[in-house]
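# Chain and residue survey
What follows is each chain in one-letter form.
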Amino acid sequence: IETPCVEHIENLTSKQGGDNEKLIFKILKRGDKLNLETAAGENPVPEAPAAAPETSAQPQEAAEEKRKDTAFGPVEGTEKGEALVWYGIPYGKEPSGSLRWKAPLDPDVWTERLSATDFKEPALQLENEAVIGTEDCLNLDVYSRKGAKKLPVMVFIHGGNNQTGNTRELIGTEMAVKNDMVFVSVNYRLGLLGFNCLPALMEEEHATGNFAMLDIAKALDWVRENIEEFGGDPENITVSGFSAGGR
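Turning our eyes to something else, we now look at the side chain of Gln 125. Summarising the element assignment, Gln 125 is placed in strand β8 (residues 125–127). A polar contact of 2.8 Å, which involves the side chain of Gln 125, links it to the backbone oxygen of Ala 123. Separated by 3.0 Å, the side chain of Gln 125 and the backbone nitrogen of Gly 165 make a polar contact. Filtering out sequence-adjacent residues up to four positions away, Gln 125 remains in contact with Ala 130, Val 131, Ile 132, Gln 163, Thr 164, Gly 165 and Leu 190.

Formed by 30 residues in total, the largest nonpolar core has its most connected members in Leu 140, Val 142, Val 184 and Trp 222. At the level of elements, β6 (83–90), β10 (139–145), β11 (151–157), β12 (182–186) and α5 (211–226) are the ones that each hand at least two residues to this core. Aside from chain neighbours lying at most four places away, what touches Val 184 is Leu 140, Asp 141, Val 142, Val 153, Met 154, Val 155, Phe 156, Val 223 and Ile 227. In terms of nonpolar packing, the next biggest core, distinct from the first, is built from seven residues, Val 85, Tyr 87, Tyr 143 and Phe 156 among them.

This part covers the sheet that holds strand β3 (residues 67–69). In a beta sheet, neighbouring strands are held together by backbone hydrogen bonds and run either parallel or antiparallel to one another. The strand order across the open sheet built from three strands is β3-β4-β7, with neighbouring strands paired in mixed fashion. Of all strands in the sheet, those bounded by a partner on one side alone are β3 and β7 (114–115).

This paragraph deals with the pattern of salt bridges. Counted under the stated rule, the structure contains 12 salt bridges. Across the pair Arg 100 and Glu 135 runs a salt bridge, and its minimum N-O distance is 2.8 Å. Highlighted residues: Arg 100 in the loop between β6 and β7 and Glu 135 in the loop between β9 (130–132) and β10, separated in sequence by 35 residues. Among the residues examined, Glu 135 registers a relative accessible area of 18% and is labelled buried. Its salt-bridge partner being Lys 218, residue Asp 106 comes within 2.6 Å of it at the nearest N-O pair. Of this pair, Asp 106 sits in the loop between β6 and β7 while Lys 218 sits in helix α5, and the two are 112 residues apart along the sequence.

Right, let's talk about the pairing of β10 for a bit. Most of β10 sits out of view: six of its seven residues are buried. Summarising the sheet, β6 and β10 pair through six bridges and their orientation is antiparallel. What sits directly across from Ala 83, in β10, is Arg 145.

Scoring rules and cut-offs
Residues numbered from 1 in each chain as written. Predicted model: local features only at pLDDT ≥ 70, side-chain atom pairs only at ≥ 80, totals over all residues. Heavy atoms only, no water. Helix = DSSP H or I, 4+ residues; strand = E, 2+ residues; numbered from the N terminus. Polar contact = N/O pair within 3.5 Å; in protein donor to acceptor, adjacent residues only side chain to side chain. Contact = heavy atoms within 4.5 Å. Core = buried A, V, L, I, M, F, W, Y, C linked by side-chain atoms within 4.5 Å. Buried < 20%, exposed > 50% of the residue type's maximum accessible area, 1.4 Å probe, protein only. Pairing = 2+ DSSP bridges. Salt bridge = Lys/Arg side-chain N within 4 Å of Asp/Glu carboxyl O.

As structure tokens, then:
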């Protein structure tokens, strides 16, 4: 019995009239529970049954929720509090070499489970006069929660004047948990690798210098085709962004 109840019972027994009508309680502490016994009959109040021990099935279920299958291969994410997160899932093939300044292609299919437990490098860019990042940047982060199913989806496009930035601009763990949604943040090509209208790059039919825009469109295709696996509703997707990402 909880401690407040003990005080309540003591108050009641002190108001009884006559020794024969009084109940004298002896308080015995067992573990973190208080049990009451009557002095007359020494009949203990039955203890509540102990909670069932955690079974191995519970950790197994949690591990399974972090493992998802995309159209291109399996991925494994990580837990962040009540949120489940998958970092750097490829939505396009690395746009380097002969694929530089070309429309994005599907990533190569993989069969081994891809670790998506940490942030990937940002797109190639300048930071404090130093070159950082990689051309292998066509990836996205997915934030969801345990047991998610058919939740609305928000896709976020980071800002940075079309020259800098990455998916860390807005972290989606809190939004996924508190707002019952699946949050997706997208990396894409930046600077001259993402926006370049040189005549030599415009010779092919339907060519465009807006390669970053094509990347974002490719990412949205991936979301539509795969987000249900992460608990999102492919028919309820909102696209948002900040600064250059909002334009």
